[in-house]
There are 2 protein chains.
Amino acid sequence: MKKHPTIYDIAKKADTSTATVSRVLSNSDYPVRSELREKIKKVAKEVNYIPNMIGRQLKTNNSMTIGVIIPSITNPFYSSIVLGIEDIARSRGYHVFLCNSHRSPQLEEEYLKTLFEKQVKGLIVSSISPDKNLLGALVQKDLNIVAFDQTIEGLNSSQIHFDYRKGGYMATEYLIKKGHRKIALISSPLTRPSRISVYKGYLNALENYNIEIDKSLIQIASREYEEFERSYEFRNGIELTRNLLKCSELPTAVFVCNDMTAFGVMNELNKQGINVPEQISVMGFDNIEFSEMITPPLTTVQQPDYEMGKLACNLLLDQLDGKIVENVDIMLQPRIVNRSSVLDLESSLLKN
Amino acid sequence: MKKHPTIYDIAKKADTSTATVSRVLSNSDYPVRSELREKIKKVAKEVNYIPNMIGRQLKTNNSMTIGVIIPSITNPFYSSIVLGIEDIARSRGYHVFLCNSHRSPQLEEEYLKTLFEKQVKGLIVSSISPDKNLLGALVQKDLNIVAFDQTIEGLNSSQIHFDYRKGGYMATEYLIKKGHRKIALISSPLTRPSRISVYKGYLNALENYNIEIDKSLIQIASREYEEFERSYEFRNGIELTRNLLKCSELPTAVFVCNDMTAFGVMNELNKQGINVPEQISVMGFDNIEFSEMITPPLTTVQQPDYEMGKLACNLLLDQLDGKIVENVDIMLQPRIVNRSSVLDLESSLLKN
DNA sequence: CACCTTTTAGTAATCGATTTCTATTTTTAA
DNA sequence: TTAAAAATAGAAATCGATTACTAAAAGGTG
């Protein structure tokens, strides 16, 4: 275990005090004779000095560090968000502790606790825990929190919402306007507010256009996500599609609650020899990076993941820097991304 | 700015000293009367004490933190690795600083410096910088480093290699054994040792099976990756496929240097009405999570990303914990993942 | 020139823990 | 019964920085 030079070593070598060394090396505007200033810098460079931020942190009580808690970094939606967060954090001098909760409330709580111990100044969280007490307690303790992805009722923090209901509505309306009437829904379990909202949007749109709701066309996963399970959404899509195809009358379109699941749907349809979009149209939700890469490229609802990450981080750091005092609630709007997985029944009818 | 209770507050309340409080609360095996021990614990719970790790770190010089530097977390190969790293780190009590270098040597250097300032105990790095001096200097300064993905010549650290040459060889050989003779290669620029190795593997296999090398079938990107650019590989695949298709005679198979690029290749082939694998077979490299999700599912070479992350982290922490003293070099072996994007010319010939 | 202000730099306290000493008290062994 | 060993706990030093305070020197003003 080697010992690194400290400001004490530099002070000794430059024949001055630690106070002055600190002033010079931490770019304080406290006046120091330029001659001495240069001498200290020279010595610092000579001994290859690298400041120990732990020492500084203890005194200044500013770790310049934030924590990010997400379900899993391998989900491209979250990895884009994390990239956005990290890009902003770096540009503003902050570092990021990354935490994958694997959708486990226990893990999430453990992380919350250790992040707090490590003196993070702020938190960006996609919370899964039904128990908001811990998160609330942290807010009490003067920890700035920005919640995203999942709305947390009654939490005194800034939140970034996405209009999931509207997204679900727009997606369904889009299919309706393309002439579809038999529109199936494939969804992950309705265990989260966001998913329930998407589902509601689907129902609202059907109602609004006077289309009868056919329960046999609605496939919602019952199997819960297992911690540490990978490719859950994809397999879900496959499974639910199989179920759906068992119903006698095929739908002309399927609205899938997220793109990863939509990949599973398309995979299974393809396996069963059903063409997308000729026989069944597929509409996704999220617009992850891969959605444009598959064949056919997926028509979907855009959730601005990378931008959301940047927004969340800027918001948090603005609060930390005191630029914003009040909590902020931001509602992001969905946008349809038009690609090739949805067939326009109207125009294809005209051709015939 | 609220002030949190410290061991000093607890000592006062429990009518004892900070030394004893510290002994009790940090689970030291220093003997403390069980009566007093309980009293301290009770008081700590009462005031809702949460230890300040910065204070501990300063004294013990152990941050229980490691840094991870990768090009970009949105690349599924790296996100899987990071997940593996983080899962192990957490289970062993460590936290992870995540850093996206965006393949910028400047950013990488900046991160290296700030991570060191933040007193990380170890580093897991996929280095991009051609200048190994800084990394080397950090090794000098008693920082444990595990390098992966990119071999770093002459760096005194543990390294996790992947046998890229063999992977390239196996992929090409696989295509040859399926009866292919006109095998194209599509690759990102040969600016990294790993890519050069894959390329060599391709050439070696052709030579070994006495197949003449046709330069018109070899498409290597000239355009460099731009920092912060997204979906680079995908677009590269599209572009290079267009170039390839300009050569008069179509190949029967394409070997693509990574799966993301292969997605671009398949996308462009599809757009041009060329069926995969009936008209052209596509072989990938990496086996990212999405490779099984596209149509047709991609036959590819497995790089064990998640396992690699776990391995790298366990290796690093074993070194930090003193379980391993010597540097370790691990060479991971490629494995062919057989899916549906490659046609067996032999057996399909038999059918005709 | 005397007084006040500004500049400059060092001393020492401080942040919140851990840990080395030192000093009791209790237990064990002879 | 007494000396040595073990158990117990507090005082104070320490980790590496920052910063409040103090103080000397330099500069300005009437």
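These figures come from a predicted structure and were not determined experimentally.

1. Observations concerning the protein's contact with DNA strand C
- Around DNA strand C sit 30 residues in total, of which Thr 16, Tyr 30 and Arg 33 of chain A together with Ser 22 and Asn 52 of chain B are the nearest.
- The sugar-phosphate portion of DNA strand C accounts for 59% of its atoms within 4 Å of the protein, the bases making up the rest.
- Between a phosphate oxygen of DNA strand C and a side-chain N or O atom of Arg 33 of chain A, the distance comes to 2.4 Å.
- Take Ile 7 of chain B: an N or O atom from its main chain is 2.9 Å from a phosphate oxygen of DNA strand C.
- For the surface near DNA strand C, the secondary-structure elements that each account for two or more residues are helix H2 (18-25) and helix H4 (53-60) of chain A together with helix H2 (18-25) and helix H4 (53-60) of chain B.

2. Describing helix H6 (residues 105-117) of chain B
All names here are of chain B.
- With 13 residues, H6 should reach 18 Å at 1.5 Å per residue; the first-to-last C-alpha distance of 18 Å fits that figure.
- Leu 107, Glu 108, Tyr 111, Leu 112, Leu 115, Phe 116 and Glu 117 are the residues of H6 that are buried.
- At the exit of H6 stands Gln 119, carrying a positive phi of roughly 65 degrees.

3. A look at the domain arrangement of chain A
Residue and element names in this part refer to chain A.
- Its domain assignment divides chain A into domain 1 (7-51), domain 2 (63-162 + 305-333) and domain 3 (164-303 + 336-351).
- For domain 2 versus domain 3, the distance between C-alpha centres works out to 30 Å.
- At the interface, 16 residues of domain 2 touch 18 residues of domain 3.
- Where domain 2 abuts domain 3, roughly 1,700 Å² becomes buried across the two surfaces, and 52% of that area is made up of carbon and sulfur atoms.
- It is His 102, Arg 103 and Phe 162 in domain 2 that bury the most area against domain 3; as a group they hold 38% of the surface buried on that side.
- Our count for the domain 2 to domain 3 interface comes out at two salt bridges.
- Between Arg 103 and Glu 233 there is a salt bridge whose closest N-O contact spans 3.9 Å.

4. Considerations on the relation of the copies chain B and chain A
- With an RMSD of 0.1 Å, the operation that places chain B on chain A is a rotation of 180 degrees combined with a shift of 0.0 Å along the axis. These values place the two chain copies in the arrangement generated by a two-fold rotation axis. The C-alpha atom lying nearest the rotation axis in chain B is that of Phe 97 of chain B; the distance is 2.4 Å.
- Looking at chain B, 100% of its interface residues are interface residues in chain A too, so the copies touch through the same face.

5. Observations regarding the nonpolar core
- Of all hydrophobic cores here, the largest spans 157 residues; its most connected members are Ile 66 and Ile 124 of chain A together with Ile 66 and Ile 124 of chain B.
- Formed by 38 residues, the second largest nonpolar core is a distinct cluster that contains Val 120 of chain A together with Cys 99, Leu 138 and Leu 143 of chain B.

The rules behind the values
Residues numbered from 1 in each chain as written. Chains lettered and ligands numbered in written order. Predicted model: local features only at pLDDT ≥ 70, side-chain atom pairs only at ≥ 80, totals over all residues. Heavy atoms only, no water. Near = heavy atom within 4 Å. Polar contact = N/O pair within 3.5 Å; in protein donor to acceptor, adjacent residues only side chain to side chain. Helix = DSSP H or I, 4+ residues; strand = E, 2+ residues; numbered from the N terminus. Expected span 1.5 Å × (residues − 1). Buried < 20%, exposed > 50% of the residue type's maximum accessible area, 1.4 Å probe, protein only. Domains from an automatic or database assignment. Contact = heavy atoms within 4.5 Å. Buried area = accessible area lost by both parts, 1.4 Å probe. Salt bridge = Lys/Arg side-chain N within 4 Å of Asp/Glu carboxyl O. Least-squares fit on C-alpha atoms with pLDDT ≥ 70 in both. Core = buried A, V, L, I, M, F, W, Y, C linked by side-chain atoms within 4.5 Å.

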